[in-house]
Amino acid sequence: MDLLDTLTAKGLRRELPTREEALAVLATTDDELLDVVAAAGKVRRQWFGRRVKLNYLVNLKSGLCPEDCSYCSQRLGSKAEILKYTWLKPEQAAEAAAAGLAGGAKRVCLVASGRGPTDRDIDRVADTIAAIKDANEQVEVCACLGLLSDNQAERLKAAGADAYNHNLNTSEATYGDITTTHTYADRVDTVQKAHGAGLSACSGLIAGMGESDEDLVDVVFALRDLGSDSVPVNFLIPFEGTPLAQEWNLSPQRCLRILAMVRFVCPDIEVRIAGGREVHLRSLQPLGLEIANSIFLGDYLTSEGQAGQADLDMIKDAGFTVEGADERTLPRHRADAVAGGCGGASASPCGTEAHACGTGGCGPCGGHAEPAEAAAEVKDLIEAESSDEARTDLVRVRRRGAGTELAPNA
Ligand code: SF4
């Protein structure tokens, strides 16, 4: 139990694990899984109690993107039969947002497909933020519009945006394998622009694209170093009609290990279970709440989630509470750092679905292997174990809410 005791102690002190320790979490066995969840849960409860923050996605502009992100159903050349529409009017977006807020969400995430916004697009989003905040002053608004040009982050901040999402998605080493039309450095630059403008940085990853454990650890350490305040963990939804349609690499257990690793590396940072929750965690979703402190309510950008009421029931049944608009998400030391413009990483007190939005080297007794050994010895076993059957039956293209005549799911 040395590994988990060490990681728990470090998490309670906001101290970074080593890369070897993070890798060892990914290499634990199914026999150890509940111990891993319990250890990550102690860290989660230390910094976030039993609160679950609900976020609500509004897809302002869907499909027809000129970029080629291979995981994305909205990409150039995608044959996925998703909804395609151009910019929602501010009042349409506000109506969709209102449904999510009525369902208990405290953050609205305004997402638009595309390489990045034009200055005219920033005007549209500013009008949309105003329409949403006119009706609900307390709501947090996060924009997710792609790569930002100079001064656009400042304009969004002035328009009332609280946060900006731009995911790193995977490690720098493998970024070129999933996208060729922009670079990892472009993504880092946008997160830094957002941060520099005083927006809370939301940046996460996608697991299940064929990456190695080392890639996962690399991207999570990079997100921490970048000063991300919230880390969405997406589990790839292999959409038919995209290049990664055959990449069914995740099991529910693997997803929990990934979430736990993220929690140990980011103990006091919002860890959000994002796209793919229903498809990959399936009946183990409530265990995910023991580790992550944030989820999306209802549907995703181009796919449908479980009913909003089912999300709320799950939270209640698992003994958690929905975080209220008057409750602080981040622990005070981090919230103060954000307010003061300090997004620094590391373990110091300032420490830190795409475009937006699962056998340790131990014996039968279930004891934990030494981190480095475990990572090396069980890699093949983990790869075999983590392969999952293709649950295409669980992938449902979104046909309701924004861009349709049907009511949103919230
Ligand atoms: S992730 Fe964003 S930039 Fe990439 S293809 Fe999808 S919508 Fe376009």
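These lines cover the structure that appears in this document, whether it is placed above or below.

Reading the values: the criteria
- Residues numbered from 1 in each chain as written.
- Predicted model: local features only at pLDDT ≥ 70, side-chain atom pairs only at ≥ 80, totals over all residues.
- Buried ≥ 20, exposed ≤ 12 C-beta atoms within 10 Å, placed from the backbone.
- Helix = DSSP H or I, 4+ residues; strand = E, 2+ residues; numbered from the N terminus.
- Pairing = 2+ DSSP bridges.
- Right-handed = clockwise from strand over helix to strand, strands pointing away.
- Contact = placed C-beta atoms within 7 Å.
- Axes fitted to C-alpha atoms, helices over the stretch in contact; angles between N-to-C directions.
- Left-handed = near helix turned anticlockwise from the far one by under 90°.
- Nonpolar A, V, L, I, M, F, W, Y, C, P; charged D, E, K, R; others polar.
- Arc of directions from axis to C-beta.

### Thoughts on the pairing of strand β7 (residues 230–235)
Of all 6 residues making up β7, 6 are buried, and the element is well covered by its neighbours. Residues Ser-230, Pro-232 and Asn-234 line one face of β7 and the alternating positions Val-231, Val-233 and Phe-235 line the opposite face, and both faces are buried. Strand direction decides the pairing type here: strand β6 (residues 205–207) and β7, joined by 3 bridges, are parallel. By the bridge assignment, Ala-207 is partnered in β7 with Phe-235. Traced from β6 through helix α9 (residues 213–226) to β7, the parallel crossover comes out right-handed. Note: β7 against strand β8 (residues 270–273), 4 bridges, orientation parallel. Within the sheet, the bridge partner assigned to Ser-230 lies in β8 and is Glu-270.

### A word on the environment of Tyr-184
As for its placement among the helices and strands, Tyr-184 is situated in helix α8 (residues 184–196). Counting along the chain gives 10 residues from Tyr-184 to Thr-174, while the straight-line C-alpha distance between them is 9.2 Å. If we ignore the near neighbours within four places in the chain, the residues touching Tyr-184 are Leu-168, Glu-172 and Tyr-175.

### Remarks on the packing of helix α3 (residues 33–48) against helix α10 (residues 252–265)
One can describe the packing of α3 onto α10 by two numbers: an axis separation of 9 Å at closest approach and a directional angle of 35°. Both α3 and α10 take part in a crossing whose hand is left-handed. In this structure, α3 uses Leu-33, Val-36, Val-37, Ala-40, Val-43 and Arg-44 to contact α10, whose residues at the interface are Gln-253, Leu-256, Arg-257, Ala-260, Arg-263 and Phe-264. Partitioning the contact of α3 with α10 into residue classes produces 8 nonpolar, 1 polar and 3 charged.

### Things to note about helix α2 (residues 19–26)
In terms of burial, α2 is largely enclosed, as 6 of its 8 residues are buried. Buried within α2 are the following residues: Glu-21, Ala-22, Leu-23, Ala-24, Val-25 and Leu-26.

### Quick look at helix α13 (residues 308–317)
All buried positions along α13 are accounted for by Gly-308, Asp-311 and Ile-315. Taken end-on, α13 shows its buried residues confined to a sector of 55°, consistent with a single buried face. Of the exposed residues in α13, the ones pointing more than 90 degrees away from its buried face are Asp-313, Lys-316 and Asp-317. Those residues of α13 hidden inside the fold are in contact with β1 (51–61), α12 (285–289), β9 (294–296) and β10 (321–322). Among the residues trailing α13, Gly-319 stands out with phi positive, at a value near 85°.

### Section: the environment of Ala-97
Among the secondary structure elements, Ala-97 is positioned in helix α4 (residues 90–102). In this structure, the C-alpha to C-alpha distance between Ala-97 and Val-108, residues 11 residues apart in sequence, is 6.4 Å. Sequence-distant contacts of Ala-97, that is, excluding residues within four places in its chain, are made with Tyr-56, Val-58, Val-108 and Ile-132.

### Observations regarding the packing of α9 against α10
Viewed as axis vectors pointing N to C, α9 and α10 meet at an angle of 35°, and their least axial separation amounts to 10 Å. Between α9 and α10 lies a crossing whose hand is right-handed. Across the interface between the two elements, Leu-216, Val-217, Val-220, Phe-221 and Arg-224 of α9 pack against Ile-258, Met-261, Val-262 and Val-265 of α10. Of the residues assigned to the contact of α9 with α10, the class counts are 8 nonpolar, no polar and 1 charged.

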